[in-house]
Amino acid sequence: MSIPIRIVLVETSHPGNIGAVARALKNMALEQLVLVNPKQFPHAEASARASGAEDLLNAARVTHDLKSALEGCGLVLATTSRERDQNFRVLDPRAAALTAVEHAERAPVAIMFGAERTGLTNQELRYAHALLAIPANPAYPSLNVAMAVQIVAYEIMCAWLVRAGEIPRAIASPAVALASPEELDRLYEHLGQVLEEIDFRDRTQSGTHLMNRIRRMLQRAEPDLNEVHILRGILTAIQQRRRRAVPHG
C-alpha cells in the first residue's frame, strides 16, 4: 500500500528530524517526501534516525524553492501552531486527512511543515488552500516537527483505510479537484493586469494590500480549475471589450 500524498518539509534545521519524519511516513504508507532547502542533508544523523526507512530517505526530493516542491499539486495544506490573520479555513488533523485523501484521488496533494523554530512564513502560506492545526496543551503547545508529521500521517492512513472500506468512519462528500498553485498564480497575475488597465486601486490608507486581500478571498473560496478558467475568461472578455472601445486612428 502506498498513499499518494506529498509531505513537504520547509527549511528543516535538524537532520535527525528529517530521518524521524522518513520513519513516520514509512510506518503510515506515505512515500513522497520533499525537502525545501534543508539545512543539513544528506547527513549521518538523518540516516540513523530513519531506522528502516532509508529507502524513503534516499528517494526524498530536494528543491531550492517551495513553488517547485508544490508543482502539479491540487490541494495544498499548511500546518500552523499559531493564530493567523489571513482568515484561512483551519482544519484539525482528522478533517484535514479526510479532505487530503479525497482530493488525492483527483490530483496530487501536498501537506507543508515549516522550520522547527519559526514555522511557515506568510509568504509560504500564500500557496495553501487551508491550514492544518494540531490541538495541543496551551501551556506547552510546541510540537516537534517529526511528532507533528506522525500525528498527521496516522490520520491520513486512517482516512485512506476508510476510503478503502477497511474501517468504518463517517466521511465527507467527494471533493472537486482544486486549482493548482500554478493556475492560481496565473489568475492573480492576469487579475493584476486587468486591475491596472482599468485603474482600479486599493483605497486604503497605505494603498498596497489589494492583491493580498484578493488572494485571501480566493483562498477561502477554494476555487477549482474550471472556476479559475471562468474567472480568467471574464478577465479576458473585459480586456477585449476595452480594446474594441478604444477609438482608432
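A quick note: this is a predicted structure, and the numbers were derived from the prediction, not measured. (Residues numbered from 1 in each chain as written. Predicted model: local features only at pLDDT ≥ 70, side-chain atom pairs only at ≥ 80, totals over all residues. Heavy atoms only, no water.)

**Q** Describe the overall build of the chain, naming the residues involved and giving the relevant values.
**A** Counting its secondary structure elements, the chain contains ten helices and seven strands. In terms of principal-axis extent, the alpha carbons of the chain reach across some 75 × 40 × 35 Å. When the 249 residues of the chain are sorted by exposure, 46% land in the buried category. The contacts of the chain with a sequence gap of at least 6 include a subset with a gap of at least 24, amounting to 83%. A gap of 5 Å separates the mean positions of the 28 positive and 27 negative side-chain charges of the chain. (Helix = DSSP H or I, 4+ residues; strand = E, 2+ residues; numbered from the N terminus. Buried < 20%, exposed > 50% of the residue type's maximum accessible area, 1.4 Å probe, protein only. Contact = heavy atoms within 4.5 Å. Lys, Arg positive; Asp, Glu negative; His and termini not counted. Charge placed at Lys NZ, Arg CZ, Asp CG, Glu CD.)

**Q** Talk me through the sheet that holds strand β2 (residues 30–36); I want residue IDs and the actual numbers.
**A** Reading across the sheet, the seven strands line up as β3-β2-β1-β6-β4-β7-β5 and stay open at both edges, with parallel pairing between neighbours. Each having just a single partner strand, β3 (61–63) and β5 (90–91) make up the two edges of the open sheet. Alignment of strand β1 (residues 3–10) against β2, held across six bridges, turns out to be parallel. Along β2, the bridge assignment pairs Ile 7 with Leu 33. (Pairing = 2+ DSSP bridges.)

**Q** Describe the packing of aromatic side chains, naming the residues involved and giving the relevant values.
**A** Two measures describe an aromatic ring pair: the distance that separates the ring centres and the angle between the ring planes. Inspection of every chain in the model, using the stated rule, returns zero aromatic pairs. One residue, Arg 126, lies across the ring of Tyr 127, its end atom 5.2 Å from the ring centre. (Phe/Tyr/Trp six-rings, centres within 6.5 Å; stacked < 30°, edge-to-face > 60°. Lys NZ or Arg CZ within 6 Å of the ring centre and 35° of its normal.)

**Q** Which residues make up the side chain of Gln 239, and what values do they have?
**A** Considering the arrangement of structural elements, one finds Gln 239 in helix α10 (residues 225–245). You can call Gln 239 buried: its relative accessible area is 9%. Those residues in contact with Gln 239 that lie beyond four places of it in its chain are His 190, Gln 193, Val 194 and Glu 197.

**Q** Describe the packing of helix α1 (residues 15–27) against helix α7 (residues 145–163), naming the residues involved and giving the relevant values.
**A** At a closest axis distance of 9 Å, the pairing of α1 and α7 adopts a crossing angle of 15°. Considering the angle they form, α1 stands roughly parallel to α7. For α1 against α7, the interelement crossing comes out right-handed. Across the interface between the two elements, Asn 17, Ala 20, Val 21, Ala 24, Leu 25 and Asn 27 of α1 pack against Val 145, Ala 146, Val 149, Gln 150, Ala 153 and Met 157 of α7. Split into classes, the residues belonging to the contact of α1 with α7 amount to nine nonpolar, three polar and no charged. (Axes fitted to C-alpha atoms, helices over the stretch in contact; angles between N-to-C directions. Parallel < 35°, antiparallel > 145°, perpendicular 65-115°, else oblique. Left-handed = near helix turned anticlockwise from the far one by under 90°. Nonpolar A, V, L, I, M, F, W, Y, C, P; charged D, E, K, R; others polar.)

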